[in-house]
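Report on the structure
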Amino acid sequence: MIMIQLPGYECQLNQDGVTHSTQKLESTLRDLLMMEVVPVVAKDDYGSSTRTKNDNDEQEQLMNSELVPLQCAKSIIPCRTHEETINYRSSCTFQILKHDISQHECHLQYAMRCCKQAVPLQADYFPVATPRIQKAMNNVMELLNLVNKCADNHKTSGTVSFCGYKYERLRKYLSSVSFVSSWNDDLDCVVTFNYCEPIYYSTDATTNNCNDHENCNGSFFQGDASNKSRSQLLSQATEFFVDCHDSISCLILRSKNLKETIGKKNDNEVYMEDVLYMRNKKSSLDHGDVIEVCLEVDGCAGAGASAGASADKGNFLPIYYSKPINAFSHPNRNTMLQALNWIMNKLKDIGSLWRKGGSGGGGGDGCDITKKNLYMLEMYCGCGAHTMAVAKSNIFDSIVAIELDQRLVDACIVNCRRNGCCPSLMTIEQEGSQDARHYGVTPVHVFQGNASEWAKKSTSFWKQTQKETRAANYCNDTVSNKTSKSFWYNQYYHVLLVDPPRMGLGEDVIQLAIHGSFEHIIYVSCGRKALIRDLMLLREAFDVVDLVITDLFPRTDSVETILHLQRRSRKMNTTM
């Protein structure tokens, strides 16, 4: 039996992925504590953190190897079973290599890059990928290596003839294959064939050269594509798609400046469809209602009325997503759900406290905030993975979402429409209401923009404008103003939600967080070094009051850290 290798992965399949996950997350938390960027916390059974003293003796005591696992167990979510360490990745790309079978046959195989080399997978599937992708990988490679049946007059007695591959046009110049699946395996799986030369040719002549395992093989043709060549290619691609239609929902052929799509089409963009389910449920520890988000209704904890019973879908609120396949979306559905559940309940607690007039209830800038709305600013919002759930939970009265990538901005707007939180689809009465939550939805204002540029303009306003002017602007949130990006630069936001790329927050965003109106920050981080750097800067004004660390990519060194930071009390005589 051949053991499948995971090129570039720390923990191979023959090693204990559960132990690796726990140790990795414990090490990450220990590093944060040793850098003194997070406080020592004590948690109750529900998982809520309360601040304790953070003196050197206690910090040193926590570093004791016997005490760290106990602390980590309440701040990390490691993989609990072997199954959680595999079958999770919903986005994968594999290089295509050629493997000599005989003098005439050249089979294709999947490979991954490791140490600047292509390493064959030794199998037609990838155990770390979602089951839907694994099935698609197997079907795709089986069809790509399918040999034509020879006609009788090509057969000779006592010999086996090779009559070419059925999908030769799809094989030629194929350099890599990308697979993207929905978080829910029952929905979409899109396969993209990436070619290193144009997918159209002025002639159908082909040559095979099996000696070059790294680069494109065969001659390539200059000039414009002929209609005949394109029609032949699409005919073969359509037949290929039909042959594996049970495992994929869309096939894309892509080369430089050329793209053909077989299957679903959304104008010029292909979207993955997804749905999550959200509900309020009673806490088992008498902490009131908690928000639960899950992939399937039957998969939610305690969803069924009794053991083996189907859950009542009427108790769940669906959250719909359209995600562009060529832009970023969370590649691990397990970690995404863990983070989303944690974030939702933190925001729920923040919102409840604000409406009761508790901590950070408006900043005291002269406007009667008890009659005003609760705003959240989200930077790096992507396609709205967090945004849509927050909007449909009615925690806030308005959400402003910022994203640089225009593809993701367009997708986020589509998702707002699908989930009923697009301001342009609301009535004047709803959008102008002092409490849009009464209408069961939070309006989301989506803008394309660079987080750093937004932060510069907003920080300048908060530093230079007098408190009286800020209060007047905050109270003047009329319907007509809300369509203006400049209006939203200067609003009073209670919460900042950030999910930056691995390099972390920019200096301008840090300055906005410190000098702006935010009382709370929810920080989602996938970069350890950048997170420590940002926390060192943010502690000028904020304390970390809670955090959780999840296993972003099991069997690798990657983690995702989600933190709740709360502003320390401002001095009454400050101009900020």
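For the structure, see preceding data.
The paragraphs below set out a description of the structure included in this document. (Residues numbered from 1 in each chain as written. Predicted model: local features only at pLDDT ≥ 70, side-chain atom pairs only at ≥ 80, totals over all residues. Heavy atoms only, no water.)

**Overview of the sheet that holds strand E8 (residues 189–195)**
- Within the open sheet, the 7 strands sit side by side as E6-E5-E4-E7-E8-E9-E10. Their pairing is mixed. Edge positions in the sheet fall to strand E6 (117–120) and strand E10 (258–263), since each of these pairs with one other strand and no more. In this sheet, adjacent strand axes meet at a mean angle of 30° when their direction is disregarded.
- In this sheet, strand E9 (residues 250–255) lies alongside E8 in parallel orientation, the contact comprising 5 bridges. Across the sheet, Thr192 pairs through a bridge with Ile252, a residue of E9.
- Across the face of the sheet, helix H4 (residues 131–144) comes into contact with strand E4 (91–100), strand E5 (106–114), strand E7 (174–181) and E8 while running at roughly 150° to E7. (Pairing = 2+ DSSP bridges. Helix = DSSP H or I, 4+ residues; strand = E, 2+ residues; numbered from the N terminus. Axes fitted to C-alpha atoms, helices over the stretch in contact; angles between N-to-C directions. Contact = heavy atoms within 4.5 Å.)

**Section: the sheet that holds strand E20 (residues 560–567)**
- With respect to topology, 8 strands assemble into an open sheet ordered E3-E19-E20-E18-E17-E14-E15-E16, the strand pairing being mixed. Pairing within the sheet leaves two strands with one partner each, and these edge strands are strand E3 (76–77) and strand E16 (444–448).
- Across 6 bridges, the pairing between strand E18 (residues 520–525) and E20 is antiparallel. Each residue of the ladder has a partner; that of Val524, found in E20, is Ile562.
- Contacts from helix H15 (residues 528–538) reach E18, strand E19 (542–550) and E20, with the element oriented near 165° to E18.

**Quick look at the packing of aromatic side chains**
- Applying the stated criterion to the full structure yields 14 aromatic pairs.
- Each ring, one from Tyr167 and one from Phe240, has its centre 5.0 Å from the other, and the planes form 85°; the classification is edge-to-face. Taken together, the residues span a long stretch of sequence, with Tyr167 in the loop between H4 and helix H5 (168–171) and Phe240 in helix H6 (residues 227–243) at a distance of 73 residues.
- On the numbers, 5.6 Å between centres and 70° between planes, the contact of Phe193 with Phe240 is edge-to-face. With Phe193 in strand E8 and Phe240 in helix H6, this residue pair connects regions lying 47 residues apart in the sequence.
- Here Phe193 falls in the buried class, since its relative accessible area comes to 0%.
- Looking at Phe240, the relative accessible area reads 0%, which means it is buried.
- An aromatic cluster of three or more residues is present, and its members are Tyr9, Phe94, Tyr110, Phe126 and Phe179.
- When the ring centre of Phe553 is taken as reference, the NZ or CZ atom of Arg89 above it lies at 4.4 Å. (Phe/Tyr/Trp six-rings, centres within 6.5 Å; stacked < 30°, edge-to-face > 60°. Buried < 20%, exposed > 50% of the residue type's maximum accessible area, 1.4 Å probe, protein only. Lys NZ or Arg CZ within 6 Å of the ring centre and 35° of its normal.)

**With respect to the side chain of Gln12**
- Mapping Gln12 onto the fold places it in the segment before helix H1 (17–34).
- The class of Gln12 is buried, set by a relative accessible area of 16%.
- Among the polar contacts listed, one links the side chain of Gln12 to the backbone oxygen of Tyr9, at a separation of 3.1 Å.
- Apart from residues lying up to four places away in sequence, Gln12 is in contact with Ile4, Gln5, Leu6 and Arg555. (Polar contact = N/O pair within 3.5 Å; in protein donor to acceptor, adjacent residues only side chain to side chain.)

**Re unusual backbone geometry**
- Phi angles above zero are rare outside glycine, and Lys116 is one such case at about 65°.
- Inspection of the secondary structure puts Lys116 in the loop between E5 and E6.
- On the accessibility criterion, Lys116 (80% relative accessible area) is exposed.
- Residues other than glycine seldom take positive phi values, yet Tyr380 does so here, at roughly 60°.
- Relative to the elements of secondary structure, Tyr380 occurs in the loop between strand E14 (375–379) and helix H8 (385–393).
- Residue Tyr380 is classed as partly exposed on the basis of its relative accessible area of 21%.

**Considering the pairing of E9**
- Summarising burial for E9: 5 of the 6 residues are buried, a large majority.
- For E9 and E10, the ladder comprises 6 bridges, and the chain directions are antiparallel. The residue bridging Arg254 from the neighbouring strand is Lys259, located in E10.
- Counted along the chain from E9 to the antiparallel partner E10, the turn is 2 residues long, and its residue Asn257 has a positive phi close to 70°.

**Details of the pairing of E20**
- Across the 8 residues that make up E20, a large majority, 7, are buried.
- Strand direction decides the pairing type here: E19 and E20, joined by 8 bridges, are antiparallel. Paired with Asp546 across the two strands is His564, which belongs to E20.

**Some thoughts on helix H7 (residues 333–355)**
- Taking 1.5 Å of rise per residue, the 23 residues of H7 would be expected to cover 33 Å, and the 32 Å separating its terminal C-alpha atoms lies within 8% of that figure.
- Its side-chain oxygen placed 3.0 Å from the backbone nitrogen of Asn334, Asn332 serves as the N-cap of H7.
- In the segment just after H7, Gly357 is the residue with positive phi, at about 80°. (Expected span 1.5 Å × (residues − 1).)

**Comments concerning the packing of H7 against H8**
- Contact geometry for H7 and H8: axes closest at 11 Å, N-to-C directions at 40°. Regarding the angle of H7 to H8, the classification is oblique. Every pair of crossing elements has a handedness; the one defined by H7 and H8 is right-handed. Between H7 and H8, the contacting residues are Leu340, Ile343, Met344 and Leu347 on the first element and Ala385, His386, Ala389, Val390 and Ser393 on the second.
- A breakdown of the residues in the contact of H7 with H8 according to their chemical character gives 7 nonpolar, 2 polar and no charged. (Parallel < 35°, antiparallel > 145°, perpendicular 65-115°, else oblique. Left-handed = near helix turned anticlockwise from the far one by under 90°. Nonpolar A, V, L, I, M, F, W, Y, C, P; charged D, E, K, R; others polar.)

**Some thoughts on the environment of Met112**
- Tracing the sequence through the fold places Met112 in strand E5.
- In this structure Met112 comes out as buried when scored by relative accessible area, which is 14%.
- Those residues in contact with Met112 that lie beyond four places of it in its chain are Pro7, Tyr9, Phe94, Gln117, Ala118, Val119, Leu121 and Phe126.

All we've got here are geometric facts, nothing functional implied.
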